[in-house]
Amino acid sequence: MWSFSKIETGNLKAITDLESKLGITLIAFSDDGIKYADLKEDAAKEVKDLEKKLGLSLLAVKA
């Protein structure tokens, strides 16, 4: 399960400083025991292509 992270003040400042520097917004999530899938380069490209096509962000995990 994913949830928004609880961030300590010092860490939040580091995140907001980087957001300001790069001109982006970062969203912090925490996982509860999720194992990430180890994708080969061609599989990672397929995921990225689908993200672009759908306008979504996808995260590969082990079932």
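Residues numbered from 1 in each chain as written. Predicted model: local features only at pLDDT ≥ 70, side-chain atom pairs only at ≥ 80, totals over all residues. Heavy atoms only, no water.

## Details of the confidence of the model for the chain
1) Next: Put simply, the chain has an average pLDDT of 90, and 98% of its residues get 70 or more.
2) Next: No element of the chain has a lower mean pLDDT than strand E1 (residues 2-4), which averages 74, and none a higher one than helix H2 (residues 41-54), which averages 96. (pLDDT = per-residue confidence, 0-100. Helix = DSSP H or I, 4+ residues; strand = E, 2+ residues; numbered from the N terminus.)

## Regarding the environment of Ala-43
1) Next: Among the structural elements, Ala-43 can be located in helix H2.
2) Next: Considered as a pair, Ala-43 and Lys-62 are 19 residues apart in the sequence and their alpha carbons are 14 Å apart.

## Digging into the environment of Leu-39
1) Next: Relative to the helices and strands, Leu-39 is located in the loop between strand E2 (29-31) and H2.
2) Next: Among the residues examined, Leu-39 registers a relative accessible area of 37% and is labelled partly exposed.
3) Next: Each C-alpha atom of the pair Leu-39 and Ala-60 lies 8.0 Å from the other, and the pair is 21 residues apart in sequence. (Buried < 20%, exposed > 50% of the residue type's maximum accessible area, 1.4 Å probe, protein only.)

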